[in-house]
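Below are the chains, spelled out letter by letter.
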Amino acid sequence: MMGARLQEDDRTYQIVTYDDPGGKLHFAVWIDTATSLPKRVFMVGEAHYMASTMAAYNTPAKISPP
């Protein structure tokens, strides 16, 4: 489902939300309208949640606790 469109850091982002087919995971993704690349992903599940921010594409992933 298409959500709000917002301005941040001189960029425009389209928020897109969706659920997994089983309805147990819910996602919200900030998509950069100029590049079509995700900036942020939020996921909410039955027992946990996750927030990810993407900034440097084509580099190895780094995972650190909040």
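Since we're looking at a predicted model, the values are computed, not measured.

(A) View of the overall build of the protein. Along the backbone of the protein there are 0 helices and 5 strands. Each helix and strand of the protein, placed in order from N terminus to C terminus, yields the pattern β-β-β-β-β. Across its three principal directions, the C-alpha atoms of the protein cover 35 × 30 × 20 Å. Split into buried and exposed, the 66 residues of the protein put 20% on the buried side. In the protein, the proportion of contacts linking residues at least 24 apart, taken out of those at least 6 apart, comes to 8%. Element-wise, carbon and sulfur atoms account for 60% of the exposed surface of the protein, whose accessible area totals about 5,200 Å².

(B) Broad picture of the pattern of salt bridges. Summed over all chains, the structure comprises 2 salt bridges. Residue R40 is joined to E8 by a salt bridge in which the shortest nitrogen-to-oxygen separation is 2.7 Å. With R40 in strand 4 (residues 38-44) and E8 in strand 1 (residues 2-8), this residue pair connects regions lying 32 residues apart in the sequence.

(C) Up close: the packing of aromatic side chains. In total, this model carries 2 aromatic pairs according to the counting rule given. Ring geometry for Y18 against F27: centres 4.9 Å apart, planes inclined by 15 degrees, an arrangement best described as stacked. Judged by its relative accessible area of 40%, Y18 falls in the partly exposed class. Note on F27: relative accessible area 19%, which makes it buried. Taking NZ or CZ as reference, R40 lies 5.9 Å from the ring centre of W30, over its face.

(D) Expanded view of the environment of T33. Position of T33 among the secondary structure elements: in the loop between strand 3 (26-32) and strand 4. Under the relative-accessibility criterion, T33 is labelled partly exposed at 37%. The spacing of T33 and I15 is 18 residues in sequence and 9.9 Å in space, taken between C-alpha atoms.

(E) Expanded view of the sheet that holds strand 4. Read from one edge to the other, the open sheet built from 5 strands follows the order 1-2-3-4-5, with strand pairing classed as antiparallel. Of all the strands in the sheet, just strand 1 and strand 5 (49-53) have a single pairing partner and so form its edges. For this sheet, the mean inter-axis angle between neighbouring strands, taken without regard to orientation, is 15 degrees.

Definitions and limits used
- Residues numbered from 1 in each chain as written.
- Predicted model: local features only at pLDDT ≥ 70, side-chain atom pairs only at ≥ 80, totals over all residues.
- Heavy atoms only, no water.
- Helix = DSSP H or I, 4+ residues; strand = E, 2+ residues; numbered from the N terminus.
- Buried < 20%, exposed > 50% of the residue type's maximum accessible area, 1.4 Å probe, protein only.
- Contact = heavy atoms within 4.5 Å.
- Areas by Shrake-Rupley, 256 points an atom, 1.4 Å probe, with all protein chains shown as cover.
- Salt bridge = Lys/Arg side-chain N within 4 Å of Asp/Glu carboxyl O.
- Phe/Tyr/Trp six-rings, centres within 6.5 Å; stacked < 30°, edge-to-face > 60°.
- Lys NZ or Arg CZ within 6 Å of the ring centre and 35° of its normal.
- Pairing = 2+ DSSP bridges.
- Axes fitted to C-alpha atoms, helices over the stretch in contact; angles between N-to-C directions.

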